[in-house]
Structures are given as structure tokens and as C-alpha cells.
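Here's the letter readout for the chains.
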Amino acid sequence: EPEVTQTPSHQVTQMGQEVILRCVPISNHLYFYWYRQILGQKVEFLVSFYNNEISEKSEIFDDQFSVERPDGSNFTLKIRSTKLEDSAMYFCASNGGGYEQYFGPGTRLTVT
Amino acid sequence: GENVEQHPSTLSVQEGDSAVIKCTYSDSASNYFPWYKQELGKGPQLIIDIRSNVGEKKDQRIAVTLNKTAKHFSLHITETQPEDSAVYFCAAFTPSGFQKLVFGTGTRLLVSP
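Residues numbered from 1 in each chain as written. Chains lettered and ligands numbered in written order. Predicted model: local features only at pLDDT ≥ 70, side-chain atom pairs only at ≥ 80, totals over all residues. Heavy atoms only, no water.

1. A short note on the overall build of chain B
- Helix and strand counts for chain B come out as zero helices and eleven strands.
- The order of α-helices and β-strands along chain B, N terminus first, is β-β-β-β-β-β-β-β-β-β-β.
- With the principal axes as the frame, chain B shows a C-alpha extent of 45 × 30 × 20 Å.
- Carbon and sulfur atoms make up 48% of the accessible area of chain B, which totals about 5,500 Å².
- Of note, chain B has its 11 positive side-chain charges centred 6 Å away from the centre of its 12 negative side-chain charges. (Helix = DSSP H or I, 4+ residues; strand = E, 2+ residues; numbered from the N terminus. Areas by Shrake-Rupley, 256 points an atom, 1.4 Å probe, with all protein chains shown as cover. Lys, Arg positive; Asp, Glu negative; His and termini not counted. Charge placed at Lys NZ, Arg CZ, Asp CG, Glu CD.)

Set out below in C-alpha cells:
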């Protein structure tokens, strides 16, 4: 069964550093998303991406965040200058055009 | 924007019992309501969903009901097993939100043998 994959599973970085989180959505899916989950809290929408551009973003997704689909298979989230409060699980999801969104296993980002 | 409330936050049952988790949503335009199961250290896994033109959907031991008038939907798990222990999230999708899912706060279900 096809699945969304994410790398790395855990990323530790120092405050102020740039990080790139990587995702490989399900093949042939058209819509891509990033969500985040601070420890013990609910999953929060960050951004949606379709046709090589951002479709919608939340207030969390400020100028420090960017997304890119550098090739036909990868979808990345970049945080330019990490802050302590960016520590969270980051989930990538993809959708093939219907309603269902399928989530990857997540990347745990720890900012020290 | 859409807001989703979920109750209870924790639920403990004995193996074989039924479990019910309830969610309410605020945006009457929401038309798709998935439920996700999240096991420790893993991503949310879609387990069942329901669209606004359907009142109930069942898949083996799990079922979801939707009351559009009251704007609430529920997850029902029958004959619970220890492997059902996880955090369950409800979510709502509003068309105007370009497929953005708004999640509830989660319910930690513990099934004791």
C-alpha cells in the first residue's frame, strides 16, 4: 500500500539554524500539506500546496517558513531561523484529489 | 473559521466494552469528517470518515454517526481490544478552506485487558 514517507525521523538543531524537513508524498497525489503537533496538543494546519504554489497558509506559517517541491517526488518544509517554539512533530500529508488526506510518520524537530 | 471540539480527553474501558468519542464543529459548510488514530510516535492514520450527505457509516468494529442539524459527529468502537489503545482525533473539512483539515483536541483511549 502506498504511503507518505518523511525524513529525518528526528532532527535536533540549535536556535537560529535553518532546517529542511523532507517528505515524499504518495505517487500521483496532487495536493500536499504540512501540519505540526506540539507535544500533547492537537494537530495544526500549516500550509497546503497545489500546482507548485501555496494554496493556503495559517497564521503560524510566517516568513520564516517556506515550502518547495524541488522535483517530481519530494516536498520540503524549510524553517530559516528556528526558534525554541518551533519544537514539534511535523507531519506531511498528501491527497489525490478526493477528500482523504494521508499522513506520514512525522519528523520530530527539537530546537535547543 | 472552523472550530472542532472533542470529548472526552481521556477514556478508559475494559476489553470488550464499547467506546464513544464525540465531536462538535462550528462551520455549517463543513462537509467531510474523518477520524484518525495516532499511536505513540507515529503519524495520524485515517481509520474512517463520513461525508455530510450520510448519517452513519460502519466498518467492522468502528462506526461514525453524523448529526448535521446539531453539528456533531461521533466515533463508536465496539468490542474494544488492547490494540485499540491510542489517541483518536476527529477533524472537519470546510470547502472554503481549500482542503484544510481542522482537528479536534484528541481523545486518549486506553483499553485494559
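2. Description of the sheet that holds strand 7 (residues 62–67) of chain B
Residues and elements named next belong to chain B.
- Reading across the sheet, the five strands line up as 1-3-8-7-6 and stay open at both edges, with antiparallel pairing between neighbours. Here the strands that pair on one side only, and so sit at the sheet edges, are strand 1 (4–7) and strand 6 (56–59). Ignoring which end each strand starts from, the neighbouring axes of this sheet average 15 degrees apart.
- Pairing geometry for strand 7 and strand 8 (residues 72–77), over six bridges, is antiparallel. Of the residues in strand 8, the one forming a bridge with Leu 66 is Phe 73. (Pairing = 2+ DSSP bridges. Axes fitted to C-alpha atoms, helices over the stretch in contact; angles between N-to-C directions.)

3. Remarks on the sheet that holds strand 7 (residues 65–68) of chain A
Residue and element names in this part refer to chain A.
- With respect to topology, four strands assemble into an open sheet ordered 1-3-8-7, the strand pairing being antiparallel. The sheet is open, and its two edges are formed by strand 1 (5–7) and strand 7, each paired on a single side. The average angle at which neighbouring strand axes cross in this sheet is 20 degrees, direction not considered.
- Where strand 7 meets strand 8 (residues 75–79), four bridges bridge the pair, whose relative direction is antiparallel. Following the sheet pairing, Val 67 is matched in strand 8 by Leu 77.

4. What about the interface of chain B and chain A?
- Counting residues at the interface gives 21 residues for chain B and 23 residues for chain A.
- Of the roughly 1,800 Å² buried between chain B and chain A, counting both surfaces, carbon and sulfur atoms make up 57%.
- Across the chain B-chain A interface, the total number found is two salt bridges.
- Residue Glu 100 of chain A is joined to Arg 51 of chain B by a salt bridge in which the shortest nitrogen-to-oxygen separation is 3.6 Å.
- Along the contact surface separating chain B from chain A lie five residue pairs in polar contact (both at pLDDT 80 or more).
- Every element with two or more residues in the side of chain B that touches chain A is listed here: strand 4 (32–38), strand 5 (45–51), strand 9 (86–93) and strand 10 (101–103) of chain B. (Contact = heavy atoms within 4.5 Å. Buried area = accessible area lost by both parts, 1.4 Å probe. Salt bridge = Lys/Arg side-chain N within 4 Å of Asp/Glu carboxyl O. Polar contact = N/O pair within 3.5 Å; in protein donor to acceptor, adjacent residues only side chain to side chain.)

5. Structural notes on the pairing of strand 9 of chain B
Residues and elements named next belong to chain B.
- In terms of burial, strand 9 is largely enclosed, as eight of its eight residues are buried.
- Burial of strand 9 is two-sided: the residues Ala 86, Tyr 88, Cys 90 and Ala 92 facing one way and the residues Val 87, Phe 89, Ala 91 and Phe 93 facing the other way are all buried.
- Two elements, strand 4 and strand 9, share five bridges in a ladder whose sense is antiparallel. Note on strand 9: the bridge partner recorded for Trp 35 is Cys 90.
- Of the pairings in the sheet, the one linking strand 9 to strand 11 (residues 107–112) comprises three bridges and is antiparallel in character. Counted as the bridge partner of Tyr 88 is Thr 107 from strand 11.
- Across three bridges, strand 9 lies against strand 10 in antiparallel orientation. What sits directly across from Ala 92, in strand 10, is Val 102. (Buried < 20%, exposed > 50% of the residue type's maximum accessible area, 1.4 Å probe, protein only.)

6. Describing the packing of aromatic side chains
- Going through the model one piece at a time under the given rule, you end up with 21 aromatic pairs over all chains.
- Centre to centre, the rings of Tyr 35 of chain A and Phe 103 of chain B are 5.8 Å apart; their planes meet at 85 degrees, and the pair counts as edge-to-face. Here Phe 103 of chain B lies in strand 10 and Tyr 35 of chain A lies in strand 4 (residues 31–37), a pairing that spans two chains. Considered together, Tyr 35 of chain A and Phe 103 of chain B belong to a single accessibility category, that of buried residues. (Phe/Tyr/Trp six-rings, centres within 6.5 Å; stacked < 30°, edge-to-face > 60°.)

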